[in-house]
Structure formats: C-alpha cells, structure tokens
There are 2 protein chains.
Amino acid sequence: MREPVPIHRIVVEARELFREYGYEGASMRDLADRVGLRPQSLYTRFSSKESLVREVLALTLDDTLAGLPDPATDWRAAWRTLIERIAGTFEARGRCVGLHLAYGVTAQTPDARDAVRAFFARLRDAMVGILEAGTISEPASVAADTLAQLEGATLWITTEGDMEPLRHAVERALRIGDQEGRPM
Amino acid sequence: MREPVPIHRIVVEARELFREYGYEGASMRDLADRVGLRPQSLYTRFSSKESLVREVLALTLDDTLAGLPDPATDWRAAWRTLIERIAGTFEARGRCVGLHLAYGVTAQTPDARDAVRAFFARLRDAMVGILEAGTISEPASVAADTLAQLEGATLWITTEGDMEPLRHAVERALRIGDQEGRPM
DNA sequence: GTCTATATTGAGATAGAC
DNA sequence: GTCTATCTCAATATAGAC
C-alpha cells in the first residue's frame, strides 16, 4: 500500500505544465510523470484534462488573494502586496499561467474557457475593491489597465528574459493614487 | 491539372490558426482543410510545421512595417500609423499571433523560438527608430513598454471582448512626446 | 487509489504514382 | 504540386483487477 498522491501536489504540477506549455501543449502523460503516477490514474482524481484548468486557477486565485492586508485599514498596503505578488510570480516563473490559458482555451473546451474568464474577473474585482477603498476614480478601468500592463510585460520576459518592462509596469501601478487627476 | 495553391494563401491561413489555437493547437490537417489540400501536400511547400512559424512572422512583420511614413519627415505620423496598425489587428482579430507563439514555442522548437525572438526584436527596433527621430528619451525602454501595454490589453479582448484597455494603451502610446519629462 | 491493458483518435511526417 | 497509402508515435480516456 502506497501513499496516495496529495491532490494539491497534482494541481501545482498541472499549473507548472499549463504555464510553460499551455493547454494543448501540456499532456496528462507529462503530469503523471511529474507526480509519479500512470496517466490513467489521474482520471480517478479529475474527470478530464479540461477540469484541471478550473482547479489550477482556483488555486492560483487563492495564492494571490489569501491573507492580503485589509483595504479598509490600509488600501495602499493591500494594493502593493497584491501587485508585488503578481509581479513576483511573473519574475520567478517568467510568464502567467492565466494568460497562457486565456489564449489557449477555445470553444472546444467551454468549461475551461469559463474558468479563465471567471479567474480574471475575480482578480480584477479584487483590485477594484482595493482601489475603491482608496477612493481612486474609475477603479474598474484602472484595475483592468493595471493587470493588462503587468501581463503584457511578460512578453519580454519570455522572449528575451528582460524584466525591465515588468518593473516599469509595477512602478506605474504603485504610483496610482499619488496625485489623483494626473494623466496616466 | 489544378491551379497550385499560392504560398501566400497558405501562410495567411497558418497565421489565423496559430493566432487562434497557438502552436500546439494548430494542426497541419486544419491548415490543409482551409486551403483545400491534403495534409501531406503541405510538406512539399514547407519542410515542417515548425518552419511555418518563421514564414508567418515574416509576413506579419512586413504587413506591419511596409510603407510606413518616413520618420525623418514626420515621426509622429510614422508612430501613429504603426500603433494603429498593431492595435487595429488586435481589435479585428482579438489577439496577437506573436504573443500566442511567444508563449507557445518551447525548447523543442528552437527554430520557431528564435523566429519569435527576432520578430519582436525587429518590431521593437522599428519603434525605436521612430522614437529616436522624435528625440524621445530612452527610446528602447519606451518602445518595449508600449508594445507590452498593447499586447497585455489583448487579455481583456480575448476573455471578455472588452476593447477599453486596448484603447487606453493606444491613447498612452499616442501621448508619448507630448511633453518630454512627464511621468508615465 | 493505483495498476495493467486497451480503445480510439489524431498528430507530424515520408514514399512513390500521376 | 497534389494525390493515395502508409508509418510511427502520442494523445485522452475507459474497463476491470488488486
């Protein structure tokens, strides 16, 4: 009798594969190899490869938002922590699993597509909540723009290993609210 | 005797497939169906699926840069035309084939990876040339940041159909040089 | 929960006729 | 340049024993 592989471990490894290889490029075989199982055994834990997308993004959203400083107490601390968590992952891993999946899921995988949409909507909504606590004007627009700028900067990490655009995006994000009304 | 399929047509269709489905998700079978050939026939025109990446990106770079206004004469016209070409494609197609390939090519496809690197480097260099004609400070940094912001905005087009972040990125790009020294 | 065995499908690619 | 025929491999997924 061997120890069952913890489900959390499987999802973490699936995330690495989706981030690096995308939805189509990641295989159940590769995932099985990483966790020391036969590919068939994964199907007793997950009904399909597609269903893994929701699990991966739920874990990622939790990693990103869990234990943030309370925006009502110190919105700047909450904002800074969130931005640095996102950017920190991009620096460490070189790219964003959510963006790779956003581009990679299609009409053939509607459940995965819905999970991706929900992931980014919730992330943006969390950002909006923080910006509202800081009485930033047009928080929905600022949140979407900020996330887009962080995501876009991963282009240069993945192609050239250049972190500068990401750092610039972080600096712009952290300057939000310094002087309301300043053109961005 | 039937008319041979023009090679340009094959590359254009391959671009559509790579943009929508990524490198792994696009198949030679799908491409053959689109151009009315058997999959095997594609191999008399292209040595491999991987080699299509370079063709697709060469065509895209040409589409993007051909016939731009001369920066030496009117750098703002050149800049505006270039930004609007890039953003126009993103609006029309919903996403960027270069970004999808940047995330999708791996160490297993080194030639494709190199083609992607070269594509973005040349695009950035073209932007740098225009900004230099406008005596914009730190042109390399501004070019990379601008392209990153346009690319990142496609996240919201692909997930929610929201064009606003892209339009904001365009507005920021077109404001470059309005007053040198202004914080971005 | 994991295994062996297997089904099914589709991928990229090559050989040789026309 | 395109075709038919074929090769080889890997993908997702299921059935049933332990």
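Residues numbered from 1 in each chain as written. Chains lettered and ligands numbered in written order. Predicted model: local features only at pLDDT ≥ 70, side-chain atom pairs only at ≥ 80, totals over all residues. Heavy atoms only, no water.

Under an unreviewed UniProt entry, chain A has the name Helix-turn-helix domain containing protein and belongs to Brytella acorum.

**Digging into the interface of chain A and chain B**
Filter applied, for reference: Should any heavy atoms of two residues lie within 4.5 Å, those residues are counted as being in contact. Defined in terms of a 1.4 Å probe, buried area is the accessible area two parts forfeit on being brought together, summed over both. The term salt bridge refers to a pairing of a side-chain nitrogen on Lys or Arg with a carboxyl oxygen on Asp or Glu at a separation within 4 Å. By the criterion applied in these results, polar contacts are pairs of N or O atoms within 3.5 Å in which, for protein atoms, one can donate a hydrogen and the other can accept it, and in which residues neighboring in sequence qualify only through two side-chain atoms.
If you look at the interface, chain A gives 40 residues, while chain B gives 40 residues. Carbon and sulfur atoms make up 60% of the surface buried where chain A meets chain B, a total of about 3,500 Å² over both sides. Residues Asp-145 of chain B and Arg-172 of chain A are paired through a salt bridge, measuring 3.8 Å at the closest nitrogen-oxygen approach. Summed over the shared surface of chain A and chain B, the number is 16 residue pairs in polar contact (both at pLDDT 80 or more).

**A look at the packing of helix H1 (residues 7–25) of chain A against helix H2 (residues 28–35) of chain A**
Residues and elements named next belong to chain A. Where we set the bar: To define axes, lines are fitted to C-alpha atoms, for helices over the stretch in contact only, and angles between the resulting N-to-C directions are given on a 0 to 180 degree scale. By definition, any uninterrupted DSSP run of H or I lasting at least four residues is a helix, any uninterrupted run of E lasting at least two residues is a strand, and each is numbered from the N terminus. The handedness criterion is simple: a crossing whose near helix is rotated anticlockwise from the far helix by less than a right angle is left-handed, and one whose near helix is rotated clockwise is right-handed. Polarity classes work like this: nonpolar for Ala, Val, Leu, Ile, Met, Phe, Trp, Tyr, Cys and Pro, charged for Asp, Glu, Lys and Arg, and polar for all others, with Gly in that last group.
Where H1 contacts H2, the axes come no closer than 10 Å and their chain directions differ by 150 degrees. As H1 packs across H2, the resulting crossing turns out to be right-handed. Across from Arg-9, Ile-10, Glu-13, Ala-14, Glu-16, Leu-17 and Gly-25 in H1, the residues of H2 making contact are Asp-30, Leu-31, Arg-34 and Val-35. Residue classes in the contact of H1 with H2 are distributed as five nonpolar, one polar and five charged.

**Thoughts on the nonpolar core**
Put simply, the rule is: We call a set of buried residues a nonpolar core when its members are Ala, Val, Leu, Ile, Met, Phe, Trp, Tyr or Cys and they connect through side-chain atoms within 4.5 Å of each other. Under the scheme applied here, a residue whose accessible area is under 20% of the maximum for its type counts as buried, over 50% as exposed, and between as partly exposed, the area being computed with a 1.4 Å probe on protein chains only.
Core analysis: the biggest nonpolar cluster contains 125 residues, and Phe-18, Val-53 and Trp-79 of chain A together with Phe-18, Val-53, Trp-79 and Phe-120 of chain B have the highest contact counts within it. Setting aside anything within four residues of it in sequence, one finds Val-53 of chain B in contact with Phe-18, Tyr-23, Leu-101, Ala-112, Ala-115 and Val-116 of chain B.

**Focus: the protein's contact with DNA strand D**
Condition: Any residue with at least one heavy atom within 4 Å of a molecule or strand is counted as near it.
Around DNA strand D, the structure places 17 residues, and the nearest of them are Arg-29 and Tyr-43 of chain A together with Gln-40, Thr-44 and Arg-45 of chain B. What you see for DNA strand D is that sugar and phosphate hold 64% of its atoms within 4 Å of the protein. Lys-49 of chain A is positioned such that a nitrogen or oxygen atom in its backbone is 3.0 Å from a phosphate oxygen of DNA strand D. A breakdown of the residues in the surface near DNA strand D according to their chemical character gives six nonpolar, six polar and five charged.

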